[in-house]
Amino acid sequence: MEQFDVIVIGGGAAGLSGALTLARARRAVAVVDAGEPRNAPAEGVHNFLTRDGMTPAALVAEGRAEVTRYGGTLVAGAARGARRTDCGFEVDLDSGHRLAARRLLVASGLVDELPDVAGLRERWGHDVVHCPYCHGWEVRDRAIGVLGSGTMSADKALLFRQWSADVVLFTHTAAPLTGEQAERLAARGVRVVEGEVAAVEVSGDRIAGLRLADGTVVARDIVAISPRMVASSPVLDDLGLKPVEHPMGVGAAYAAGPAGQTDLPGVWVAGNVTDLMAQVVGAAAQGTVAGAAINMDLVAEDADRAVAAGRASQDGNPPATIA
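Per an unreviewed UniProt entry, the chain goes by Oxidoreductase and derives from Phytohabitans houttuyneae. Regarding the chain, the relevant UniProt record gives this comment under Catalytic activity (unreviewed entry): "[thioredoxin]-dithiol + NADP(+) = [thioredoxin]-disulfide + NADPH + H(+)".

So, on to helix α7 (residues 280-314). Residue pairs three or four apart in sequence face the same way in an α-helix, which turns once every 3.6 residues. The terminal C-alpha atoms of α7, which comprises 35 residues, lie 51 Å apart, in line with the 51 Å expected from a rise of 1.5 Å per residue. Those residues of α7 not exposed but buried are Ala283, Ala284, Gly287, Ala290, Gly291, Ile294, Asn295, Leu298, Asp302, Ala309 and Ala312. In this structure, the buried side of α7 is in contact with β1 (2-9), α1 (13-24), β6 (98-106) and β19 (267-269). Backbone geometry just downstream of α7 places glycine 316 in the positive-phi region, at approximately 85°.

What follows deals with the nonpolar core. Burial of nonpolar side chains together is a common tendency in soluble globular proteins. Ile7, Ile9, Val91, Val235, Leu236 and Leu239 are the most contacted members of the largest nonpolar core, which totals 30 residues. No other element matches the four residues that β6 contributes to this core. Apart from residues lying up to four places away in sequence, isoleucine 9 is in contact with Val32, Ala79, Val91, Leu105, Val106, Ala107, Ser108 and Val235. Among the nonpolar cores identified, the runner-up in size contains 18 residues, and Ala14, Leu22, Val31 and Ala107 belong to it.

Throughout the structure, instances matching the rule amount to one aromatic pair. A ring pair is formed by tyrosine 133 and tryptophan 163, whose centres lie 5.7 Å apart and whose planes are at 85°; its orientation type is edge-to-face. Here the residue tyrosine 133 occupies a position in helix α3 (residues 132-135), and tryptophan 163 occupies one in the loop between α4 (153-160) and β10 (167-174), the gap between them amounting to 30 residues. Judged by its relative accessible area of 18%, tryptophan 163 falls in the buried class.

In space, the five strands of this open sheet follow the order β8-β15-β9-β10-β11, with parallel pairing throughout. Bordering the open sheet on either side are β8 (128-129) and β11 (191-193), each of which pairs with just one other strand. In the packing of α4 onto the sheet, contacts are made with β8, β9 (144-150), β10 and β15 (222-224), and the angle to β9 comes to roughly 160°.

With numbering matched to this structure, UniProt assigns "domain: FAD/NAD(P)-binding" (unreviewed entry) to residues 4-287. As a span, residues 4-287 carries 21% helix and 32% strand, and end to end its C-alpha atoms are 18 Å apart.

In a beta sheet, neighbouring strands are held together by backbone hydrogen bonds and run either parallel or antiparallel to one another. Pairing within the open sheet is antiparallel, and its three strands lie in the order β12-β13-β14. Every other strand in the sheet has two partners, leaving β12 (197-203) and β14 (217-219) as the edge strands with one partner each. Averaged over all neighbouring strand pairs, the angle between strand axes comes to 30°, with direction disregarded. Alignment of strand β13 (residues 206-212) against β14, held across three bridges, turns out to be antiparallel. Within the sheet, the bridge partner assigned to glycine 209 lies in β14 and is alanine 219.

Our next topic: the pairing of strand β5 (residues 88-93). Most of β5 is tucked away, with six of its six residues classed as buried. Where strand β4 (residues 79-85) meets β5, six bridges bridge the pair, whose relative direction is antiparallel. Its bridge partner lying in β5, threonine 85 is registered against glycine 88. The antiparallel hairpin formed by β4 and β5 contains two residues in its connecting segment. Where β5 folds back onto β6 in an antiparallel hairpin, the turn is made up of four residues, including glycine 96, whose phi is positive at roughly 100°.

Analysis parameters
- Residues numbered from 1 in each chain as written.
- Predicted model: local features only at pLDDT ≥ 70, side-chain atom pairs only at ≥ 80, totals over all residues.
- Heavy atoms only, no water.
- UniProt positions renumbered as here; feature names shortened; annotations may be inferred.
- Helix = DSSP H or I, 4+ residues; strand = E, 2+ residues; numbered from the N terminus.
- Expected span 1.5 Å × (residues − 1).
- Buried < 20%, exposed > 50% of the residue type's maximum accessible area, 1.4 Å probe, protein only.
- Contact = heavy atoms within 4.5 Å.
- Core = buried A, V, L, I, M, F, W, Y, C linked by side-chain atoms within 4.5 Å.
- Phe/Tyr/Trp six-rings, centres within 6.5 Å; stacked < 30°, edge-to-face > 60°.
- Pairing = 2+ DSSP bridges.
- Axes fitted to C-alpha atoms, helices over the stretch in contact; angles between N-to-C directions.

Right, here's the structure in full:
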């Protein structure tokens, strides 16, 4: 069984940034990645200074190269579970192999649960989008349809109105609009279409509109949705942590402190697994912060062990092994 200082679960922006920080701190670090990034369908990463427009695959490839340049180890596969040991943690991989480490950083992201509308998933990440800051510029001045769900649909429609004057809110399964919400939407020129949406209409290789349950088709170029975002980690679940509901009702994630430390000593989280709203640059920053915090925790442990070894030596006992 290979032994590391830190095992990072997830090789996206958060995990690779944490691994890079740790590798540069001369820690033995392994990144376990299944190669299934959430943003794979997207054409580019945005709002990441100096990396705007880079494809997600290119960003990951450069990050992996940087981690290995500093001695980090990349492990292809998925982490299926974990347990605490006397020396730290053991992580089980889907390959049947097992890795051991003193600390864990989980950055395995989240899963988007899309509304149950026919044809929606096939266009996801292309002309079905969710984040105006990620896609707003690319869909500017297009005919945008906001698919209602939950309680924040009116706010999302007003937000997309910043990028286009042609925005329609489809109430679908959203909570009924308040009088104030309806007034604000009307004042901004956002049309409201009542009734459930049955399907996405496609013409060639692009969306043509949304078909209502009564058969009416409303022409649209872009569909903006609010997927339920759910973080799920068998590693964290095995160790006793469970995701908690986001206060805005948009999904569930694992709770953590400012530097990513969970309630379990030795376990940190970063990126969308703990912050559902984090964009790529924010997730990368969280990984860096968590990596530095983990290294500092190990520095303190190394010092404590050295002190204990020194005292044992002075007492005439064999010194303890320092990892």
